[in-house]
Amino acid sequence: MPTGGNVNKERNMKKMILKAAVAAAGLALIFSGCATDKSVNKDAYYNENLKDFSRTNLKNGIPVIFKKTGSSQIFVMRVIFEGGTPLVEKKLAGIEKLTMDLMFHGSAGYSYEDIQKMQYTTTFSMTDSSGRDYSVAGIKCLEKDLDSVLAVFADAINNPLFAEEDFVNFMRNAEEGLASSLSNPSGQLSIELEKAAFGNSSYISSPDITEESVKNITLDDVKKHWSNLLDAGRIKIVVVSGFDGEAQAQFVEKLNSYFGDIKKGDYKAPFVRKISVSGENITVKNPQAGTSAYSIGFFDCPEKYDEDYVPFAISLMYLDDIFFEKVREEAGAVYSIGTGILGGKELLGAISAYKISDKDNINRLIMESINSFPDEKGVEEKLDQYKNKYITTIFGASQNSTGVAANIINSMEYSGDPAAYLKRSSQVVNVKPQDVVKAYKKYLAQNKGPESNPIRWVTVSAD
């Protein structure tokens, strides 16, 4: 069995297969305090830090959320475009990510080469990302460079070049990437998982370009999608910086000059219905799998801000170690196995098994491991350890402005409160053994009869 550095590699591969890191599902929230402190007031940290938040609106109604930090040097801004994949036709899957990428590949006032040179000389970054529920465009720079960087960023959003040559190159790269994914078992598993888990849900249109959409998307589609994104009703702005009240007011005036004239259109937030896990297990053949198999099972789990979520997340930590000990180490049945989260506003839990060598017994071993979950006494023995693990695993996100901005966006989009992440600390601290066992029984336990929690499996294998 691999050890040391190889163990880290296999765990990273597991995360890649799941395509949705636990962090993206709410575990990348900032915690503070000690997990062994049983007397934490559930709102003390939240209330103490609210003073660093302020909110205003641009003249067209676009909300601007400020979070003041101790640093007066680093400036981070994120522009959020809400709506996500529920608003994208399945035949155009991936168009939002493509649109965002092209927006930052040259604009009316700044060529891509100009932007690259400027990034090198002033050390700033412009980034974009697209998920199931929203997309984000952002900048990070020194405050002294903000005026010049903001001008480039705003032109990219308001006046993207959308050059034909760039579009053709991006689509060619997407087609080559799809071919590469389909040729290897782990890549194909991600694609098949997307279809199985979300094929009958509000997330039927993948955030990524698919085999279908790569043949359908045109440059005119991209331009139309960009026009739909520029709707003041679906845009929010998050700023993390050292700005105080006066500096914030001055910056809002700059934002108004760039984004205040974006009109409010007919955007309505999509309704995201609960994802179903019903259906048959799926097995797809891929000769590149050789003697191994690659599987992901998905199942119901709580939403990010449901009261069950933190106990459930902790229960997955117990389960990860049980899987590692029983399925990988003792049975030698798999190279890597662990848990994760899929989805957005609506979530699915997931179990991934990478490079399964004992295909005949893997299902039994997984079920036996799930059912060997400790009772309340057993949970209590390690609970503080797992609380601290939960906290230290994600604590790095609170150490820089970029991570803080991500936490604010996640909180805002999934709870309605930009500062909700500040409550996670006390939520973790106050979890009791019975809460973890309750979450386990509700979402994971494999009992016979109506109380069982169904797991639907997608497998890629050579046979």
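What you are looking at is a predicted structure, and each value in this text was computed from that prediction instead of being measured.

Asker: In this structure, what is going on with the packing of helix 6 (residues 164–183) against helix 7 (residues 185–198)? I would like to understand it.
Answerer: The description of two packed helices rests on the angle between their axes and on the distance between the axes. Interhelical geometry of helix 6 versus helix 7 gives an angle of 105 degrees and a closest axis separation of 5 Å. One way to sum up the angle between helix 6 and helix 7 is to call them roughly perpendicular. Here helix 6 contributes Leu178, Ser181, Leu182 and Ser183 to the contact with helix 7, which in turn contributes Pro185, Gly187, Gln188 and Ile191. For the contact of helix 6 with helix 7, the residue count by class is four nonpolar, four polar and no charged.

Asker: Looking at this structure, I do not really get the pairing of strand 5 (residues 134–142). What am I missing?
Answerer: The side chains of a regular strand alternate, residue by residue, between the two faces of the sheet. Among the nine residues that make up strand 5, seven are buried, leaving the element largely enclosed by the rest of the structure. Relative to strand 5, strand 3 (residues 74–82) runs antiparallel, the two being bridged by nine bridges. Residue phenylalanine 75 lies in a different strand from strand 5, and its bridge partner there is cysteine 141. With six bridges connecting them, strand 4 (residues 125–130) and strand 5 associate as antiparallel partners. When the sheet's bridge partners are listed, serine 129 is paired in strand 5 with valine 136. Counted along the chain from strand 4 to the antiparallel partner strand 5, the turn is three residues long.

Asker: Would you mind going over empty space enclosed by the protein with me for this structure?
Answerer: In this approach a probe as big as a water molecule rolls over the atoms, and the regions it shows empty are the leftover space. Scanning the model with the defined rule gives three cavities of 30 Å³ or more in all. Within this model, the largest cavity holds a volume of roughly 60 Å³. Forming the boundary of the largest cavity are Gly84, Thr85, Val88, Gly94, Ile95, Glu96, Lys97, Ser130, Gly131, Ser206 and Pro207. Counting residues per element, the lining of the largest cavity draws most heavily on helix 3 (residues 95–103), which supplies three residues.

Asker: What is the right way to read the sheet that holds strand 8 (residues 293–300) from this model?
Answerer: Two strands in a sheet stick together by hydrogen bonds in their backbones, pointing the same way (parallel) or opposite ways (antiparallel). Spatially, the five strands line up as an open sheet ordered 7-11-8-10-9, and their pairing is mixed. Edge positions in the sheet fall to strand 7 (282–285) and strand 9 (334–343), since each has one partner strand and no second. Along the sheet, successive strands turn relative to each other by an average axial angle of 15 degrees, direction set aside. Where strand 8 meets strand 10 (residues 347–356), seven bridges bridge the pair, whose relative direction is antiparallel. Opposite serine 295, over in strand 10, you have alanine 353 as the bridge partner. Along the sheet face, helix 10 (residues 309–330) touches strand 8, strand 9 and strand 10 and points at about 165 degrees away from the line of strand 9.

Asker: Looking at this model, I keep getting lost on the side chain of asparagine 60. Mind explaining?
Answerer: Mapped onto the fold, asparagine 60 is located in the loop between strand 1 (53–57) and strand 2 (63–68). Judged by relative accessible area, asparagine 60 falls into the buried class, the value being 17%. A polar contact of 2.9 Å, which involves the side chain of asparagine 60, links it to the backbone oxygen of phenylalanine 259. Among the polar contacts made by the side chain of asparagine 60, one reaches the main-chain carbonyl oxygen of isoleucine 262 at a distance of 2.8 Å. Ignoring any residue separated from it by four or fewer positions in sequence, one finds asparagine 60 in contact with Ala232, Phe259, Gly260, Asp261 and Ile262.

Asker: I tried to follow the sheet that holds strand 6 (residues 235–241) on my own but got confused; where do I start?
Answerer: Spatially, the six strands line up as an open sheet ordered 1-2-6-3-5-4, and their pairing is mixed. Looking at the sheet topology across the chains shown, the edges are occupied by strand 1 and strand 4. Neighbour-to-neighbour, the strand axes of the sheet open up by a mean angle of 15 degrees, direction not taken into account. On top of the sheet, helix 5 (residues 146–158) reaches strand 3, strand 4 and strand 5; it is set at about 155 degrees to strand 5, its chief contact.

Asker: How should the nonpolar core be read in this particular structure?
Answerer: What tends to happen in soluble globular proteins is that the nonpolar side chains get buried as a cluster. Core analysis: the biggest nonpolar cluster contains 54 residues, and Met77, Phe153, Ile237 and Phe251 have the highest contact counts within it. The leading source of residues in this core is helix 5, at eight residues. Ala293, Val310, Ala353 and Met367 belong to the second largest nonpolar core, which has 45 residues in total.

Asker: When you look at a negative patch on the surface in this model, what are you seeing that I'm missing?
Answerer: Among the surface-exposed residues, Asp375, Glu376, Glu380 and Glu381 lie close enough to one another that they form a single negatively charged patch. Tracing the backbone through its elements, the reader meets glutamate 381 in helix 12 (residues 376–394). Since its relative accessible area comes to 63%, glutamate 381 is described here as exposed.

Asker: Would you take a moment to explain the packing of helix 10 against helix 15 (residues 433–443) for this structure?
Answerer: Across the interface, helix 10 lies against helix 15 with an axial gap of 8 Å and an inter-helix angle of 85 degrees. For the element pair helix 10 / helix 15, the angle class is roughly perpendicular. Contacts between helix 10 and helix 15 involve Pro311, Phe312, Ile314, Ser315 and Tyr318 from the former and Asp435, Val436, Ala439 and Tyr443 from the latter. Grouping the amino acids of the contact of helix 10 with helix 15 by side-chain chemistry returns seven nonpolar, one polar and one charged.

Asker: What's the story with helix 7 in this structure? I'm lost.
Answerer: Its 14 residues place the ends of helix 7 20 Å apart at the C-alpha level, agreeing with the 20 Å of an ideal helix rising 1.5 Å per residue. Extensive coverage of helix 7 is indicated by the burial of 13 of its 14 residues.

Asker: I'm lost on helix 8 (residues 219–229) in this one. Help?
Answerer: Note: α-helices contain 3.6 residues per turn, so residues at a spacing of three or four share the same orientation. Turning to helix 8, its buried residues number three or more, namely Leu219, Val222, His225 and Leu229. Across the axial projection of helix 8, the buried residues extend over an arc of 115 degrees, all falling on one side. Summarising the geometry of helix 8, the exposed residues directed more than 90 degrees from the buried face are Asp220 and Lys224. Against the buried residues of helix 8 lie strand 3, helix 3, helix 6 and strand 6.

Asker: Looking at this structure, I do not really get the pattern of salt bridges. What am I missing?
Answerer: Opposite charge on two side chains lets them pair, provided their charged atoms get close. The full count for this structure, using the stated rule, is 17 salt bridges. Across the salt bridge formed by lysine 236 and glutamate 82, the nearest N and O atoms sit 2.7 Å from each other. Taken together, the residues lysine 236 in strand 6 and glutamate 82 in strand 3 connect sequence positions 154 residues apart. Across the pair, exposure class does not vary: lysine 236 and glutamate 82 are buried alike. A salt bridge links glutamate 192 to lysine 195, with the shortest nitrogen-to-oxygen separation between them at 3.7 Å. Residue glutamate 192 and its partner lysine 195 are both found in helix 7; the two are separated by three residues, about one turn of the helix.

Calculation criteria
- Residues numbered from 1 in each chain as written.
- Predicted model: local features only at pLDDT ≥ 70, side-chain atom pairs only at ≥ 80, totals over all residues.
- Heavy atoms only, no water.
- Axes fitted to C-alpha atoms, helices over the stretch in contact; angles between N-to-C directions.
- Helix = DSSP H or I, 4+ residues; strand = E, 2+ residues; numbered from the N terminus.
- Parallel < 35°, antiparallel > 145°, perpendicular 65-115°, else oblique.
- Contact = heavy atoms within 4.5 Å.
- Nonpolar A, V, L, I, M, F, W, Y, C, P; charged D, E, K, R; others polar.
- Buried < 20%, exposed > 50% of the residue type's maximum accessible area, 1.4 Å probe, protein only.
- Pairing = 2+ DSSP bridges.
- 1 Å grid on protein atoms, 1.4 Å probe; cavity = no way out; pocket = protein on both sides within 12 Å on 5 of 7 lines; lining within 4 Å.
- Points joined across faces, edges and corners; volume = space filled by probe spheres on them.
- Polar contact = N/O pair within 3.5 Å; in protein donor to acceptor, adjacent residues only side chain to side chain.
- Core = buried A, V, L, I, M, F, W, Y, C linked by side-chain atoms within 4.5 Å.
- Patch = residues over 30% accessible without salt bridge, like charges linked within 9 Å, V, L, I, M, F, W, Y side chains within 5 Å.
- Areas by Shrake-Rupley, 256 points an atom, 1.4 Å probe, with all protein chains shown as cover.
- Salt bridge = Lys/Arg side-chain N within 4 Å of Asp/Glu carboxyl O.
- Lys, Arg positive; Asp, Glu negative; His and termini not counted.
- Charge placed at Lys NZ, Arg CZ, Asp CG, Glu CD.
- Expected span 1.5 Å × (residues − 1).
- Arc of directions from axis to C-beta.

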